[in-house]
Amino acid sequence: MIDEKKKNQSWGGRFSEPVDTFVVRFTASVNFDQQLYRQDIRGSLAHAAMLERIGVLSADEHRQIREGMQDILDEIERGEFAWSLELEDVHMNIEAALTERIGTTGKKLHTGRSRNDQVATDIRLWLRDAIDAIADELTRLQQGLIGLAEREAATIMPGFTHLQTAQPVTFGHHMMAWFEMLDRDYDRLQDCRKRLNRSPLGAAALAGTSYPLDRQYSAGLLGFDRPTENSLDSVSDRDFAIEFCAFASLLMTHLSRASEELILWTSAQFNFIHLPDRFCTGSSIMPQKKNPDVPELVRGKTGRVNGHLVSLLTLMKSQPLAYNKDNQEDKEPLFDTVMTIGDCLRAFADMVPAIEVRAENMREAARRGFATATDLADYLVGRGLPFRDAHEIVGKAVAYGIGLNRDLSEMTLTELQQFSDAIDTDVFQVLTLEGSVAARNHIGGTAPAQVSAAVERARTRLLQRP
Ligand code: ARG
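Residues numbered from 1 in each chain as written. Predicted model: local features only at pLDDT ≥ 70, side-chain atom pairs only at ≥ 80, totals over all residues. Heavy atoms only, no water.

**As for the overall build of the chain**
So, step 1. Secondary structure summary: the chain contains 20 helices and 6 strands in total.
So, step 2. Relative to the 2.2 N^0.38 estimate, which gives 23 Å for 466 residues, the radius of gyration of the chain is 31 Å and therefore markedly larger than a compact globule would have.
So, step 3. The principal-axis extent of the C-alpha atoms belonging to the chain is close to 105 × 50 × 40 Å.
So, step 4. Residue burial in the chain is summarised as follows: out of 466 residues, 50% are buried.
So, step 5. In the chain, the proportion of contacts linking residues at least 24 apart, taken out of those at least 6 apart, comes to 75%.
So, step 6. On the chain, roughly 22,300 Å² of surface is accessible, and the fraction owed to carbon and sulfur atoms is 52%. (Helix = DSSP H or I, 4+ residues; strand = E, 2+ residues; numbered from the N terminus. Rg over C-alpha atoms; globule rule 2.2 N^0.38 Å. Buried < 20%, exposed > 50% of the residue type's maximum accessible area, 1.4 Å probe, protein only. Contact = heavy atoms within 4.5 Å. Areas by Shrake-Rupley, 256 points an atom, 1.4 Å probe, with all protein chains shown as cover.)

**Topic: the packing of helix 7 (residues 115-151) against helix 11 (residues 239-266)**
So, step 1. Axis separation between helix 7 and helix 11 bottoms out at 12 Å; the angle between their running directions is 20°. Classified by the angle their axes make, helix 7 and helix 11 are roughly parallel. Read as a crossing pair, helix 7 and helix 11 show a hand that is left-handed. Residue-level contacts link Ile 123, Arg 124, Leu 127, Ile 131, Ile 134, Leu 138 and Leu 141 of helix 7 to Phe 240, Ala 241, Phe 244, Phe 247, Leu 251 and Leu 255 of helix 11.
So, step 2. Tallied by class, the residues present in the contact of helix 7 with helix 11 amount to 12 nonpolar, no polar and 1 charged. (Axes fitted to C-alpha atoms, helices over the stretch in contact; angles between N-to-C directions. Parallel < 35°, antiparallel > 145°, perpendicular 65-115°, else oblique. Left-handed = near helix turned anticlockwise from the far one by under 90°. Nonpolar A, V, L, I, M, F, W, Y, C, P; charged D, E, K, R; others polar.)

**Concerning the site of the ligand**
So, step 1. Taken together, Ser 29, Asp 33, Asp 89, His 91, Arg 115, Asn 116, Val 119, Tyr 323, Gln 328 and Lys 331 make up the full set of residues near the ligand.
So, step 2. In this structure, Tyr 323 approaches the ligand through a side-chain N or O atom, which is 2.4 Å from an oxygen atom.
So, step 3. Here the ligand, which alone exposes 340 Å², has 86% of that area covered by the protein.
So, step 4. When residues in the shell around the ligand are grouped by element, the largest group, 3 residues, is from helix 7.
So, step 5. A class-by-class count of the residues in the shell around the ligand yields 2 nonpolar, 4 polar and 4 charged. (Near = heavy atom within 4 Å. Polar contact = N/O pair within 3.5 Å; in protein donor to acceptor, adjacent residues only side chain to side chain.)

**Side note on a nonpolar patch on the surface**
So, step 1. Taken together, Phe 22, Val 23 and Phe 26 make up a surface patch of nonpolar side chains, about 310 Å² in accessible area.
So, step 2. In this structure Phe 22 comes out as partly exposed when scored by relative accessible area, which is 43%. (Patch = residues over 30% accessible without salt bridge, like charges linked within 9 Å, V, L, I, M, F, W, Y side chains within 5 Å. Salt bridge = Lys/Arg side-chain N within 4 Å of Asp/Glu carboxyl O.)

**Examining the environment of Leu 297**
So, step 1. Tracing the backbone shows Leu 297 in helix 12 (residues 293-316).
So, step 2. Residue Leu 297 is classed as exposed on the basis of its relative accessible area of 52%.
So, step 3. For the pair Leu 297 and Ala 347, spaced 50 residues apart in sequence, the C-alpha separation works out to 9.9 Å.

**Things to note about the pairing of strand 2 (residues 164-170)**
So, step 1. As paired strands, strand 1 (residues 156-161) and strand 2 are joined by 6 bridges and run antiparallel to one another. In the strand pairing of strand 2, Thr 161 is matched with Gln 164. (Pairing = 2+ DSSP bridges.)

**Some remarks on the environment of His 47**
So, step 1. Of note, His 47 is situated in helix 3 (residues 37-53).
So, step 2. Residue class for His 47 comes out buried when judged on its relative accessible area of 1%.
So, step 3. Here the alpha-carbon distance between His 47 and Leu 213, two residues 166 residues apart in the chain, equals 9.2 Å.
So, step 4. Each residue touching His 47, except ones within four places of it in the same chain, is listed here: Leu 109, Thr 111, Gly 112, Arg 113 and Leu 201.

**Considering helix 4 (residues 59-77)**
So, step 1. Counted at 1.5 Å a residue, the expected span for helix 4 with its 19 residues is 27 Å, and the 27 Å between its end C-alpha atoms agrees.
So, step 2. Of all the positions in helix 4, only Glu 61, His 62, Gln 64, Ile 65, Gly 68, Met 69, Ile 72, Leu 73, Glu 75 and Ile 76 are classed as buried. Buried residues along helix 4 cover an arc of 170° about the axis, so they all sit on one side.
So, step 3. In this structure, the buried side of helix 4 is in contact with helix 3, helix 5 (90-102) and helix 6 (104-108).
So, step 4. One or two positions beyond helix 4, positive phi appears at Gly 79, with a value near 80°. (Expected span 1.5 Å × (residues − 1). Arc of directions from axis to C-beta.)

**Description of unusual backbone geometry**
So, step 1. In this model, Leu 321 is joined to Ala 322 through a cis peptide bond whose omega is 5°.
So, step 2. When you line up the elements, Ala 322 lands in the loop between helix 12 and helix 13 (331-351).
So, step 3. A positive phi is found at Glu 88, a non-glycine position, where the angle reads about 70°.
So, step 4. With respect to the helices, strands and loops of the structure, Glu 88 is situated in the loop between helix 4 and helix 5.
So, step 5. Since its relative accessible area comes to 8%, Glu 88 is described here as buried.
So, step 6. The phi dihedral of Asn 405 falls on the positive side, at around 50°, and the residue is not glycine.
So, step 7. Inspection of the secondary structure assignment puts Asn 405 in the loop between helix 16 (387-404) and helix 17 (413-417).
So, step 8. Exposure remark for Asn 405: the relative accessible area of 56% places this residue in the exposed category.

**With respect to the nonpolar core**
So, step 1. Counting 90 residues, the largest nonpolar core has Leu 127, Phe 244 and Leu 255 as its most contacted members.
So, step 2. Residue contributions to this core peak at 14 residues, all from helix 7.
So, step 3. Contact partners of Phe 244, with chain neighbours within four places excluded, come to Leu 127, Ile 131, Ile 134, Leu 189, Cys 192, Leu 334, Thr 337, Val 338 and Ile 341.
So, step 4. If you look at the next biggest cluster of nonpolar residues, it comprises 19 residues, including Phe 370, Ile 393, Ala 397 and Met 411. (Core = buried A, V, L, I, M, F, W, Y, C linked by side-chain atoms within 4.5 Å.)

**Remarks on the packing of aromatic side chains**
So, step 1. According to the stated counting rule, one finds 9 aromatic pairs in the structure shown.
So, step 2. Measuring from ring centre to ring centre gives 6.0 Å for Phe 160 and Phe 270, while their planes differ by 65°; the resulting arrangement is edge-to-face. Of the two residues, Phe 160 is situated in strand 1 and Phe 270 in the loop between helix 11 and strand 5 (273-274); the sequence distance between them amounts to 110 residues.
So, step 3. Phe 160 sits in the partly exposed class, given a relative accessible area of 27%.
So, step 4. Look at Trp 178 and Trp 265: their rings are 5.9 Å apart centre to centre, the planes differ by 10°, and that puts the pair in the stacked class. Remark: Trp 265 occurs in helix 11 and Trp 178 occurs in helix 8 (residues 171-196); sequence separation between them is 87 residues. Here the two residues Trp 178 and Trp 265 agree in accessibility, since each one is buried.
So, step 5. Here the aromatic cluster, defined as three or more aromatic residues joined through ring pairs, consists of Phe 160, Phe 270 and Phe 272.
So, step 6. A cation over an aromatic ring shows up here: Arg 128 above the ring of Phe 224, its NZ or CZ 5.1 Å from the ring centre.
So, step 7. The ring centre of Tyr 186 lies 3.4 Å from the NZ or CZ of Arg 465, which sits over that ring. (Phe/Tyr/Trp six-rings, centres within 6.5 Å; stacked < 30°, edge-to-face > 60°. Lys NZ or Arg CZ within 6 Å of the ring centre and 35° of its normal.)

Below you can see the structure in the form of structure tokens.
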């Protein structure tokens, strides 16, 4: 005779022996899905309200469910709720606790519902909350970048291609490049939210239910734009989680690039910026060391976030309709992605406004790198030379300067005229670093005036956010 108490209360009816204890642990998700408790209760309350509306629950039963759920919520938040592995997941733990409290009425809550549409609803609600928090943190980081760009709109640094000095740019321009990457990430995040925001509740196990559910009503109560269209798709779709992880991977790609630059710039070899001590740590053996651990960790965490995207894509690949237990594996990658990018954004949003710029070192690096060579070539073109000839002439002048450790702007007119007699006194206006950046004066260019204008436009864009 099977011990009735050992059977799962929610589905044990057709079972003739208790589940193997290893299988209980292997199939349970409560250890990680308990963090869906708020969304699970919210979803149940919307479902119960809808059941009352269509006459499946009486007003009194609905009230008992509301009060019971409030009790459970409080108990969980006080840390006193006893989660049980035997009850498998967050859904059955909460439902069992409800029945324990309010008796038979608790058993009516699951009318016209399955854990399949329940969990699909919970994750969407959970991810929607997470998206809103991440959007705020992303905005805070972008505000920091705007502030820094404004402060350093005219600060000259070498711009790089191939990590070799190319042309002078301003530090503010560089910060606004980071801003633009993150701005696309923000758009992608909102785009994901838009497609996510539909209610699967009412799809039940896979086919819908025989109760006249008002799906529009429960969707509205949960802040969803509308119910999902197809019950089979509703319980099996995890596109939103994949889209979110794709957003997260691109975000981390951007943060890793910014991290890499911060790491380079804080090194003694570049010495372009200073990161306050509170964002760095020391070495246990080398007393002189101050390591940029925060950007290094952000760069490193990109790996796990990319991994989670691949996990979810692989999880869903070839899955037949509709719900499969595989889908329980969606949660840990998704939860970890949210936590990781939340931490990385926070680290960056705190760090960016604290970046101290070493303007003299940046300027010196631009000067040493012959960053205005293109400007001299453009000048010669202005004097009627074909660009390829101008390129050749300037190359020779640079070689001469390297020998003497003198920048083009530090040569005398006579020295410069050895390379071309088209050069005249007005050449010095274009050879200065300031002249070079100021000349790139169009939308998207590095001229300080353009950086300030870009900052203004960016600020307006942020103000238009919800
Ligand atoms: N814990 C499950 C999950 O996360 C809930 C849904 C289970 N449904 C089922 N029919 N076994 O996916």
